[in-house]
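# Coordinates in review
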Amino acid sequence: MTLHAKFSLGDEDKSAVKESDAQRTDGKRHILVAATGSVAAIKLVLLVNDLLSYKDVEVQVVLTQAARTFVKVDTLKALGVRVWCDEDDWRNWTDKTSPITHIELRRWAHLLLIAPLSANTLAKAANGLCDNLLTCLIRAWSPNKPMLLAPAMNTVMWKNPITEKHLTTVRESYKQAEIIHPIEKVLACGDIGMGGMCEWREIVARLVHRFDLQRKDEDEDNDNDNDNDFDDNSLVSPINDVEVSLPSARKLPKSDEVNDAASTVSAPAATYAPVSDSIEEAETSTLAKAPNATCEQDVQIENGPALKEEHTSIPDIVPSNKEEQQYLDLIKRILETGELRNDRTGTGTRSIFAPPQLRFSLSNNTLPLLTTKKVFLRGVLQELLWFLRGDTNAKHLTEKDIHIWDGNGSREFLDKMGFFDRAEGDLGPVYGFQWRHFGAKYTDCNADYTGQGVDQLAQVVHQLKNNPNDRRIIMSAWNPAAIPQMALPPCHLLCQFYVSAPAQPGGRPRLSCMMYQRSADMGLGVPFNIASYSLLTHMLAHYCNYEAHEFIHVMGDCHIYIDHIEALRTQLARKPLPFPKIHFRRSPREVGSIDGYEYDDFVVEGYNPWGPIKMKMSV
Ligand SMILES: Nc1nc(=O)c2c([nH]1)NC[C@@H]1CN(c3ccc(C(=O)N[C@@H](CCC(=O)O)C(=O)O)cc3)CN21
Ligand SMILES: O=c1ccn([C@H]2C[C@H](O)[C@@H](COP(=O)(O)O)O2)c(=O)[nH]1
């Protein structure tokens, strides 16, 4: 403990840089947070502030000179943390017994987080340069001590092979280095693409997970008006932006100080004002605001209150919706416990495998159409009818201004999958083809397949009507032989129908459906999938003169894309409302056959959801 007796930086400094034993004796997690010269450094205040809201956490900060363009030392100091800059490294050196700041900081820290890590500092780290406090620290870092690196740079810089080389070198040199993959976003320079720093909350989440951190008690800091739990970060009003409702461990410095940090960037100041914590979040910070133009609810809605209105508060007398709560609870569970994984699209997800099945009652004409965001019902229904027609041409949906399959049917995507000869929009033998022509030879989306392959839908209808106790009433889109021809292998790949006895004597038999989904995008796909199979079950029940009973949803890889987290947090804050009801305009006789259902036959009543929430589809 007498080591570096001369390490005297004044009282404040003594407590800041402790001798190595301190990290073992004070029982706290010592997190050294560093930032380099990237616009994402403006997030540092939020990140550090949030970290401080956890029990037994000590934070110190290292800033490169370039980082100080984006975040002010004083703003960070106002949070109560010690901030180290280049000039501090050798400030106390007098002779060879003097302490050396970067070595002392290394000794103090249990973990080094560099967020953001610029292309420049990454290059220096990979090449062993030590030309400032941070690079000296990195060079002196023990290869076995954890280091979290959150790169942030322009898309082109990120895609340059040099970046991968540098990352590989760093990974090889520091066995405990974890790279937090950047994400695709609108970058400060205006480019859209990979390279944006992963969301700061995600970085904190990794630290929480790694150190098993717990939030401090609510009453521990009386100055703190806001709770730090994301459950509460949302407040009652849907109009709140995530930025407004940021959790704060200590009172943040006045917002203008935070904005100050950003306003030194050469981009127009207005871009940073006033609530968005970064220009890079421009996309997500519009959440819950303007209704989505392509999301108009033009399915027949009878007696429904004005859809364009947002709920500002929900009176207690409105019954809660336990079934929708299952979905929200699953989102929470994935956010809290989901494993961080890379995925095919490069976005990255939090994922869990095989959560308990979700069950939705369809009785009394209930349609489980989520209410905590406005679901694009017109898109769900037109997609279902498109499946039922056996259509595999995404352009037929695009023509109806439904763009949900555009990404997977684009020229770029088809070429990437090796389908160079296939017309844009032709998805291959996907859902509709398998439902109606399973096993037929697929040529293209325009060919006439009448009478070819197995018509599984017709078989389902036949069995439901003629052999309702059958245990084989199944429709499968999973055809291993055809998967190589598909733009996207089916995610909802198998459903089974079950007819149970009437609830009361004289009642109608009840139809249930269980669907297995191998891959479930909780933010975008799942609300669609729940609604789609519920609509299908209602339709089959209507056609066979049964009562729709239950939809059961079973999922395999159940994931949240990292760039949906903010949006889902906004959604989690909303109270679920009662589900709407569905009716059919025409009788089964008028409809004529299972192929006779049209868009206007479906009438949804009482859908009064919260506003839409925009999320990006990963391709
Ligand atoms: N990554 C990914 N997630 C999916 O859920 C998904 C795919 N890919 N590939 C194709 C299908 C199509 N599905 C989709 C695709 C997009 C939306 C979507 O963007 N929905 C918006 C509304 C879109 C609009 O209004 O135009 C939504 O807010 O629900 C929904 C379902 C489900 N699928
Ligand atoms: O109906 C659907 C269709 C697709 N998804 C999601 C699930 C995944 O996020 C992607 C598909 O990617 P894979 O790599 O093929 O799993 O699309 C969905 O949730 N629902």
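Look up: the structure comes first, before these words.
Parameters and conventions
Residues numbered from 1 in each chain as written. Chains lettered and ligands numbered in written order. Predicted model: local features only at pLDDT ≥ 70, side-chain atom pairs only at ≥ 80, totals over all residues. Heavy atoms only, no water. Near = heavy atom within 4 Å. Polar contact = N/O pair within 3.5 Å; in protein donor to acceptor, adjacent residues only side chain to side chain. Areas by Shrake-Rupley, 256 points an atom, 1.4 Å probe, with all protein chains shown as cover. Helix = DSSP H or I, 4+ residues; strand = E, 2+ residues; numbered from the N terminus. Nonpolar A, V, L, I, M, F, W, Y, C, P; charged D, E, K, R; others polar. Phe/Tyr/Trp six-rings, centres within 6.5 Å; stacked < 30°, edge-to-face > 60°. Buried < 20%, exposed > 50% of the residue type's maximum accessible area, 1.4 Å probe, protein only. Lys NZ or Arg CZ within 6 Å of the ring centre and 35° of its normal. Pairing = 2+ DSSP bridges. Axes fitted to C-alpha atoms, helices over the stretch in contact; angles between N-to-C directions. Contact = heavy atoms within 4.5 Å.

### Remarks on the site of ligand 2
The environment of ligand 2 is made up of 13 residues, and the closest members are Arg-344, Ser-519, Asn-529, His-559 and Tyr-561. In the environment of ligand 2, an oxygen atom lies 2.7 Å from a nitrogen or oxygen atom belonging to the side chain of Ser-519. Here an oxygen atom of ligand 2 sits 2.8 Å away from a polar atom, N or O, in the main chain of Asp-521. In isolation ligand 2 has 450 Å² of accessible area, and contact with the protein removes 84% of it. Of all elements in the fold, only β15 (510-521), α20 (525-544) and β16 (547-561) reach the threshold of two or more residues within the shell around ligand 2. Broken down by element, the residue count for the shell around ligand 2 peaks at five residues, all from β15. Residues belonging to the shell around ligand 2 are distributed by class as follows: four nonpolar, six polar and three charged.

### With respect to the packing of aromatic side chains
Enumeration according to the criterion identifies 17 aromatic pairs in this entry. For the pair Trp-405 and Tyr-431, a centre-to-centre distance of 6.1 Å together with 65° between the ring planes defines the contact as edge-to-face. Of this pair, Trp-405 sits in the loop between α15 (394-398) and α16 (406-409) while Tyr-431 sits in helix α18 (residues 431-437); the two residues are 26 residues apart in sequence, bridging distant segments of the chain. Neither residue differs from the other here; Trp-405 and Tyr-431 are each classed as buried. In textbook terms, an aromatic cluster arises when at least three aromatic residues are bridged by ring pairs, as seen for Phe-360, Trp-386, Phe-387, Trp-405, Tyr-431, Trp-435, Tyr-533, Phe-551 and Phe-579. The positively charged end of Arg-82 is found above the aromatic ring belonging to Trp-84, 4.1 Å away from the centroid.

### Focus on unusual backbone geometry
Trans peptide bonds make up most of the peptide bonds, and negative phi angles are found at most residues other than glycine. Of note, the bond from Ala-115 into Pro-116 is cis; its omega dihedral lies within 30 degrees of zero at 0°. The topology assignment puts Pro-116 in strand β4 (residues 111-117). Phi angles above zero are rare outside glycine, and Asn-364 is one such case at about 55°. Tracing the sequence through the fold places Asn-364 in the loop between β12 (358-361) and α14 (377-388). In this structure Asn-364 comes out as exposed when scored by relative accessible area, which is 58%. We note that Asn-365 has phi near 65°; this positive angle belongs to a residue other than glycine. Tracing the sequence through the fold places Asn-365 in the loop between β12 and α14. Residue classification places Asn-365 among the partly exposed residues on the basis of a relative accessible area of 36%.

### Comments concerning the sheet that holds strand β2 (residues 57-63)
Here six strands make up an open sheet; going across it, the order is β3-β2-β1-β4-β5-β6 and the pairing parallel. Because the sheet does not close on itself, it has two edges, and the strands there are β3 (82-84) and β6 (177-179). Within the sheet, the average angular offset between the axes of one strand and its neighbour, ignoring direction, is 20°. Two strands pair when backbone bridges link them, and β2 and β3 are joined in this way by three bridges, in the parallel orientation.

### Considering the side chain of Gln-434
If you trace the backbone, Gln-434 turns up in helix α18. Taking the relative accessible area as the measure of exposure, Gln-434 reaches 0% and is therefore buried. Among the polar contacts listed, one links the side chain of Gln-434 to the side chain of Asn-479, at a separation of 3.2 Å. Not counting chain neighbours up to four residues away, the residues in contact with Gln-434 comprise Pro-429, Gly-439, Val-454, Gln-456, Ser-476, Ala-477, Asn-479, Ala-482 and Met-486.

Geometry only, nothing functional implied.
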